[in-house]
Every structure is written in C-alpha cells, then in structure tokens.
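Given next are the chains, with one letter for each unit.
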Amino acid sequence: MKFFRARHVSMATLRNSFDRRSIVIGSVQGGIGALLAGRLGYLAIAQNEKYKLESESNRVNLSLIPPRRGWILDRHALPLASNRADFRVDIIPERMTGGAETIGELTKLLRLTPVQVRDLQDKLERSHGFAPVEVASGLDWDRFAAVSVRLPELPGVITQRGFSRFYPTGPSVAHLIGYVGPATAEEYDRDRDPLLITPGYKVGKDGLEKVFEKELRGQPGARRTEVTATGKVVRDLDSREDVPGHPVKLTIDGALQDYAARRIGLQSAAVVVIDCHTGGILALCSMPAFDPNSFADGIGRLEWKMLNDDDHIPLLNKAMRGLYPPGSTMKPMATLALQLHGVDPAERVSCPGGYRLGSRFFRCDAVHGSVDMRSAIEHSCNTYFWSMAHRIGYDAIAPVAKMLGLGQEFDLPVTGQRYGTIPDAAWKMRRFHQEWSTADSLNASIGQGYVSVSPLQLAIMTARIATGRNLNPSLLLHKPMPLGPALPFTPEQLAVPHDGMFRVVNGSGTATASKININGVLMAGKTGTAQVRAMTSRGRIADWKSRDHSHFIGYAPADAPRYAMHCVVEHGGFGSSAAAPIAKDVMTFLFDPGKAWDTLLALEKDWGGTPTERMAAKYASFVQQYGTTAPKPADDEQVSAALNRSENNEVPTDGVITTAPDAPQPAGAPPAAEETPAPAPGATPAARSSAAAATNPDTKSP
C-alpha cells in the first residue's frame, strides 16, 4: 500500500502567495482607476464643449421661426397678399402615439366638425415623417389655450403663434396670385431644408406666389426655450427675429381687380384691362375661382368636389389659359390688314344677307345693303370681310394679327401662359399636311375656324389698335416693359378702326346699350359672338355648353385712349348682351367708381352676395348633402394639373364654323340649311377640311 505525503504549507508561503495576488489585483485596480481617471479627464477637458452643448440641448429647445412672407402689393401699395397673426395647432405624425385618442381629444378641445375630422384624417394618411399636418388655424385664444395646457398628454401635437398668409379679396385674385401650402415630401427630399418641415411654414404653390418664391420667402428666425424632461416649456430664454421676405409690387389696381371679378357675377368669364400709356396690366380676372385662403391649409373633400362638379371650371385661369375663337373682335384688326394691301376704306360692298362661294351661301346676320369699311365694323357685316378675304387671301391678314399680339406669348412672370393659334397656309400644311382652302380664309377672317386666342392677347390687340404703338404688357410696377415702336400704320389708316369702333358703341352699332358718357368720356368698342359649334339656333337657345362665347373689346376715352380691355363670357350668347354690359361697368369704375359700385351692389343682392359669400353658402349646402361621403381630395400634383389644364383646344373639335352674327337673326333671313354643314363632334382634321372644301370645289386659297 502506497502512502502520499501532504504538501506542507507554512505561514511564510501563505504570506508570499497573498502578497503576489495583492500586487496583481492592486495593479489591475490601479490600471482601471488610471483609465477611469484618464477618461474622466478626457471628458472633462477635451470633450467639455461637446457634452456641455448636449446637456444644454436637453434643457433648452431650439426651434425655427417660419419667416413672414413678403407682401404682394398693387400699384397703390395696397395688399393683394399679406400676413396676419394666427393661433394654430399642428401634428407631427412621426411623434404621435395613440392616433385615434389624440384626434378624439383634439376634436373635443377644438370643437371640430365631422367634415373637418375626416379632412384631418385624409391629411394624416398622405403625410410623411416629420412634415407637420395642420389641424386648425385662425383659432381664438380659448381653444388655443385649451390645447396648449394639454400638450404633455398629446404627444406629437404642437401649438404655435405666428403669421399665416391672407388674401383680403379672396377669389378675386386667386388665379393671378395663386396660393401657398405645406411643402410636399418630394419638395423636402429635393432640398433637405429643415425649414420645409417647420410647423407653420408654407411655400408658393401656384401663380405669383410660386413664381416669386425666392423673393417672398425671407429668412427664418429662431427661439430658445427651457424645457423639462417631458418637453414642457419652463420659460423663454432668447430669440432671433425672422427676416421678412421682400415685397412684390404689381401694376394691378387692386380695387379694379376686385370690382371686375365681382362684376362677372354668376358667369364663367375673364376680364383683362391694360394701361394704354405704359402697357401695365391693371386687371387680370378669371371667374369663378377658388378661395386661396382656404387652399393654404390643404383642400378638403367637399371643397374638391365642389370645384370639380362645377361646369364653369373654377380651377381654370381663363384670362391666360382659356383659348377662344375671337369672332368679330378680329374685324378692327382685319381693316388694318386690308388697308396695308391697298383696299380703299371708302370702297363699298353690297350685303344681300350673306356671301356666295361656289354652290354654298354663307349667311350674314342681316341684310346690310351697301357698306364700306367703317360701317362694316359698326354693323359687324360678315359679308364685307368674306368678300375682302376672298380677294386678298387670309395670308395677308394673319401677319397683322400676330403683329398686334394675337397668337403670341408675352414676357410676363406668370405660370401657364398659352398662345393659341393664328392659322395660315403654312401652319395648316405643317399641322395637317393639307392646303389652305378658300373656306378657311372666310372662316378665319371673322375670327372662326382654326383661330384661337386668349383674353390677354385680345386686350393687348385692343391697346395696340387704340394707341398705334407696339405696347408690351407688364405686371411688375418697377420693371415696366419698354414701349415698342410705332406700328406701321398711318394716322389715316388707324382712324378707320377707331371710327368704326366708336360707332359700334355710340352710333347705330351692336353695343349702343353699353354706351357710357362720364363727364364727356366716351368708349369705343367691338362686340363678338363666337360660335362653339355649328347649329341652327343661336345665342341662348341651346344647352349652356353649346351656346356661343360672348366677347367685347373696348377702350376709353375714345378720343385719347387711356384704358383698353377685353371681356369674354363663356357660352354667354351674343356679345352685346353678355360681355358688353360687364365691360361697360368695368370701364365706368375707372372714371366713376361710386356709380359703378351702386350698380354692382344692386346686382349682388340678386346673385346671393359676394363671391366669397356665395362660395360659403354653396359649401354649406354640400355639407348637408354629402357630409363625409365625398370622394377623397386631390394631392398637390392633381390640384396643380387641374389649375394648369386647358378646357379649350387650339383647333376646333366640332368642325369649321362659318357664321358668327353679333345680333339675333332677323326675320326673313336665309334658312340655316344654306350654311356650310359641319362634321360630327370629334371629327378628324381631314373631315373638317372636307366640310370646309364642300363650299367650293376649288380648295386652293385665292
């Protein structure tokens, strides 16, 4: 049996072992202590500024103050777009928890209607990340304070005191000024500017608000506040004021703009007024329109449906994007072209009630008998202009139309300007690969067929005829466009359209009911009734969209032109009965505002109030009828597309039109069956050309 002897451990051995372990442990502890001390020293000394800043940021909240947008002013320095103090509530979707509970609480505190709650839910569905969503703005102090004291219980909800965009005349300037709205996710992804997701900040979305975004934006301010760990504000520390954007001053006369827009009333129309001395645009109205004040917080379901269901197309800027056959308003211009090509103004043409071309008879609106150039304008005799166009060819008239501004685009700070069509033989060959026909010349000579122009162009044409100068339109008061040279017409040649237009209003012409006489100030003008489609019933005897467009061009004073204008009433019927009365009152406003206001206020009583009041009443009826069942509203892209679409085509879709009388057909006039037949709606260009060619076997232009 083997025995093992145990190891002998003495006190000295134990002491030595303990000493070694103590040294190892002590060394480790000392090393850790040195590291900690070094780290603390590094943090306290080298990283002092960093952690001091982070500590301060936990205690102090730094937020941007949205800059106040620059004002948009009229020529008299009165605001067309300004800012007003505002109490508002926003939601940051990324920070919101318990969405349904939060919305329910806000509904009670802010007393939101079911329609407003539904619109808020739509906005939240379309929202992205930290982009703020407006809950309500323009709040009174009680509702604002009620939300402010509950903020710790409402994560993601922000209350703010600031400024919001305000348009004093609302719909009157909608198409010209545009509107503002929150930046979209796409805009933020493109710029990555934190200002774009600052609650309360809005960017220009359309019109001049969009064109002058950089000038109007300004520089943001900043505010430092001391907060608790839960984010409750303890006190304000300091702030840096924002720098407002630069104002933009326009040539527009704000009072005239508002009056003209309101005078349009229940019609779908546009009015453009130009200063004949400078070319400055004094009014650029398109009605009906939307209210840019309500667009600023996003369009809701009912408002979108209300605008989309309106056949008068309130989202279309008719003054600049509407294209219309000008009808007889082309005739004063045509007389200048005829004189340039040797036609004697005294030469007379017999009007038996129409003009025969080949086997077809083109009806005039009356039997005018023997007419010269001046009386042809006065009585709007189509036969005279058909006869002359057949003689010299429309290719001689088209260049003068372009010289006077028709079919042209102008250097203006606007969005979506359209230039229309002044056709000629070369244009038709490029467009349709077809030769110009004699019937094309007859149609174009009276502003029908392929001719399409905008109200702005017709106003400019009128100003150039009135002054004999190549006036260029302008919108910026301090950046006027240079006055062009004199047009290539002699005073004697200009006197012909001047005399004819004077007789239209003050003689025995088609607009005598719209004559003005304000302290000796008289107006000269020309009516126009432009066919929308070929039909046997004229004027108002048809469904609304089949009625003729109503035009009036004019200037005053007749003996020393200062103001020129154009008014178009979509599907208004005869130019003398729809457009001319509006033009008369607008021109009256320029010389006697009190008298003009008396007329308008009496009319608005029958119309149901101002445009804003009528829109409010219509919205209330939609609330009762549809409630929260209306379809979802459009996003920014859809709204932009609707604002920039065009209802009018540059080429007629219902065939070539052959007549455009300015007064009802008289008894005994040739039957409508003798008019040139028009092809069916939607006919191809070839079919339209065939219909025109049917008037004459020879389709060549003379």
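Residues numbered from 1 in each chain as written. Predicted model: local features only at pLDDT ≥ 70, side-chain atom pairs only at ≥ 80, totals over all residues. Heavy atoms only, no water.

1. Some words on empty space enclosed by the protein
Link 1 in the chain: The full count for this structure, using the stated rule, is 3 cavities of 30 Å³ or more.
Link 2 in the chain: Here the largest cavity defines a volume of roughly 110 Å³.
Link 3 in the chain: Lining the largest cavity we find 14 residues, and of these His175, Asp206, Gly207, Asn317 and Thr415 sit closest to its centre.
Link 4 in the chain: Taken together, the elements giving at least two residues each to the lining of the largest cavity come down to α6 (174–177), α8 (207–211), α13 (318–321) and α25 (636–644).
Link 5 in the chain: Here the lining of the largest cavity is built from residues that sort into 6 nonpolar, 6 polar and 2 charged.
Link 6 in the chain: One number sums up the size of the second largest cavity: a volume of about 60 Å³.
Link 7 in the chain: Every residue lining the second largest cavity is counted, 13 residues in all, and those nearest its centre are Pro132, Pro182, Gly200, Tyr201 and Lys202.
Link 8 in the chain: Of all the secondary structure elements, the ones that give two or more residues to the lining of the second largest cavity are β3 (79–91) and β4 (133–136). (1 Å grid on protein atoms, 1.4 Å probe; cavity = no way out; pocket = protein on both sides within 12 Å on 5 of 7 lines; lining within 4 Å. Points joined across faces, edges and corners; volume = space filled by probe spheres on them. Helix = DSSP H or I, 4+ residues; strand = E, 2+ residues; numbered from the N terminus. Nonpolar A, V, L, I, M, F, W, Y, C, P; charged D, E, K, R; others polar.)

2. Focus on the environment of Gly99
Link 1 in the chain: Mapped onto the elements of the fold, Gly99 is located in helix α3 (residues 99–110).
Link 2 in the chain: A sequence separation of 22 residues divides Gly99 from Gln121, and the C-alpha atoms of the two residues are 9.9 Å apart.

3. A word on the nonpolar core
Link 1 in the chain: Ile177, Val271 and Tyr384 are the most contacted members of the largest nonpolar core, which has 138 residues in total.
Link 2 in the chain: In this structure, Tyr384 is in contact with Leu338, Val343, Glu347, Val349, Val371, Asp372, Met373 and Ala376, ignoring residues within four places of it in sequence. (Core = buried A, V, L, I, M, F, W, Y, C linked by side-chain atoms within 4.5 Å. Buried < 20%, exposed > 50% of the residue type's maximum accessible area, 1.4 Å probe, protein only. Contact = heavy atoms within 4.5 Å.)

4. A short note on helix α18 (residues 425–432)
Link 1 in the chain: What α18 keeps buried is the set Trp427, Lys428 and Phe432. Down the axis of α18, the sector holding all buried residues measures 95°, keeping them to one side.
Link 2 in the chain: The residue sitting at the N-terminus of α18 and contributing the capping side-chain oxygen is Asp424; that oxygen lies 3.3 Å from the backbone nitrogen of Ala426. (Arc of directions from axis to C-beta. Polar contact = N/O pair within 3.5 Å; in protein donor to acceptor, adjacent residues only side chain to side chain.)

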